[in-house]
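Structural characterization, general
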Amino acid sequence: MNELLASIEQKVRPLIGQGKVANYIPALANVNPNQFAIAVYSNDGQVFQAGQASTNFSIQSISKVFSLALAIKHNGEEMWQRVGREPSGNPFNSLAQLEYEAGVPRNPFINAGALVISDMNQSRFASPHYAMREFIRRLADNPNIRTDKVVAASEYEFRARNASMAYLMKAFGNFDNDVEAVLHNYFDSCAVSMNCIDLAKAFSFLANKGYSKHNNEQVLTPKETAHVNSLLATSGLYDEAGSFAYHVGLPGKSGVGGGIIAIVPNRFSVCVWSPELNKSGNSLAGIAALEALSESIGWSVFG
Ligand code: GLU
């Protein structure tokens, strides 16, 4: 596996230079674009890696998977009255659909949906950011994971679009807490800094029927795990989810920091990272690396 990952790195490195680092969050625009990492965490506890797999980066929307898992653990089926389970086909930060669908976001992975999930977690925990950070640290088995406060402050300063979504949902009666407080906690989660090894390990429960082996925790039930994976497969890659399912065939979630996690159920979890993004906001070299990986292992959840 280490050899395979090294060969994938060789194959995709030439793509660096063809994408664009996210710049709508100014603190992210300063990242060195010339970076690539891949890490695999197998269900029997082995780590495989290539590139800068121990270099931390901003997990951004990958944090939405942690927030969703936390919300599923603490809310019943009624949570799905406030957020849908359909792909949006729209950019992650679109406001248009939210207006004509009466403030109920299409899914938990577009920004509006993640904000509703953050609102649920805000109602549930006295200190939602602390609850999230401890959850992530436990799953990754790394007590040193932190939020990058510079990124979080930059996101809050340039929050106009996310704030618009949250206030629009509030106007429709689909937001319980103070919008600014929820935005702070949402940005603090997006601004968590982790590396590929941390992330592959943290999401191993999604490859293992909800069970996190290294900390002996049943994070979600097998059924809840299948639900999260189905949402990742249909809505995890912004408006490129269909093409990702077609070419890679795995549940996955990307973030504008250039990270992507993907799940090979019953086998392993994987994280790739390269900061330059394609037109849909997904890591350009990251997508190519996952395509190469899925092609090599000859495995897709679609058969
Ligand atoms: N914090 C980013 C935002 O709210 C997350 C975007 C992403 O990674 O998709 O815009």
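See the structure above.
All values reported here derive from a predicted model rather than from experimental measurement.

**Some words on the sheet that holds strand β5 (residues 146-147)**
The sheet built from three strands is open, its strands ordered β4-β6-β5 with antiparallel pairing. In this open sheet, the two strands that pair with only one neighbour each are β4 (57-58) and β5. Where β5 and strand β6 (residues 192-194) come together, two bridges link them in antiparallel fashion. Looking at the pairing, Arg-146 lines up with Ser-193 of β6.

**Remarks on helix α14 (residues 284-297)**
It helps to recall that an α-helix has 3.6 residues per turn; residues three or four apart then point in one direction. Under the 1.5 Å per step criterion, the end-to-end length of α14 is 20 Å for 14 residues, consistent within 8% with the ideal 20 Å. If you follow the buried residues of α14, they end up packed against α1 (2-12), α13 (241-247), β10 (259-264) and β11 (268-273). You can read the cap of α14 off the contacts: a side-chain oxygen lies 3.0 Å from the backbone nitrogen of Gly-286, and it is on Ser-283. Looking one or two residues beyond α14, the residue adopting positive phi is Gly-298, at roughly 60°.

**Structural notes on the packing of aromatic side chains**
Applying the stated criterion across every chain yields a total of five aromatic pairs. Aromatic pair Phe-57 and Trp-273: ring centres 4.9 Å apart, planes at 5°, arrangement stacked. Placement of Phe-57 in strand β4 and of Trp-273 in strand β11 is noted, with a sequence separation of 216 residues between them. As far as burial versus exposure is concerned, Phe-57 and Trp-273 are alike and both buried. Ring plane angle 55° and centroid distance 5.4 Å describe the contact between Tyr-186 and Phe-187, whose orientation is recorded as tilted. Across the pair, Phe-187 and Tyr-186 agree in class, each one buried. Members of the aromatic cluster, joined through ring pairs, are Phe-66, Phe-203 and Phe-205.

**Topic: the sheet that holds strand β2 (residues 37-42)**
The strand order β3-β2-β11-β10-β9 describes an open sheet built from five strands, whose pairing is antiparallel. Among the strands making up the open sheet, the edge pair consists of β3 (47-51) and β9 (252-254). For this sheet, the mean inter-axis angle between neighbouring strands, taken without regard to orientation, is 10°. As judged from the three bridges shared by β9 and β10, these two strands associate in the antiparallel manner. Of the residues in β10, the one forming a bridge with Lys-253 is Ile-261. In this fold α1 packs onto β2 and β3, with an angle of close to 25° to the strand it touches most, β3.

**Regarding the pairing of β3**
For β2 and β3, the ladder comprises five bridges, and the chain directions are antiparallel. Note on β3: the bridge partner recorded for Ala-39 is Gln-49. Connecting β2 to the antiparallel partner β3 that follows it, the hairpin turn spans four residues, and Gly-45 within it adopts a positive phi of roughly 90°.

**Let's talk about the site of the ligand**
In the vicinity of the ligand, the contacting residues are Tyr-24, Gln-60, Ser-61, Phe-92, Asn-111, Glu-155, Asn-162, Tyr-186, Cys-190, Tyr-238, Gly-255 and Val-256. The separation between an oxygen atom of the ligand and a polar main-chain atom of Val-256 is 2.9 Å. In isolation the ligand has 300 Å² of accessible area, and contact with the protein removes 99% of it. Its residues assigned to classes, the shell around the ligand comprises six nonpolar, five polar and one charged.

Here is what the cut-offs are and how they apply
Residues numbered from 1 in each chain as written. Predicted model: local features only at pLDDT ≥ 70, side-chain atom pairs only at ≥ 80, totals over all residues. Heavy atoms only, no water. Pairing = 2+ DSSP bridges. Helix = DSSP H or I, 4+ residues; strand = E, 2+ residues; numbered from the N terminus. Expected span 1.5 Å × (residues − 1). Contact = heavy atoms within 4.5 Å. Polar contact = N/O pair within 3.5 Å; in protein donor to acceptor, adjacent residues only side chain to side chain. Phe/Tyr/Trp six-rings, centres within 6.5 Å; stacked < 30°, edge-to-face > 60°. Buried < 20%, exposed > 50% of the residue type's maximum accessible area, 1.4 Å probe, protein only. Axes fitted to C-alpha atoms, helices over the stretch in contact; angles between N-to-C directions. Near = heavy atom within 4 Å. Areas by Shrake-Rupley, 256 points an atom, 1.4 Å probe, with all protein chains shown as cover. Nonpolar A, V, L, I, M, F, W, Y, C, P; charged D, E, K, R; others polar.

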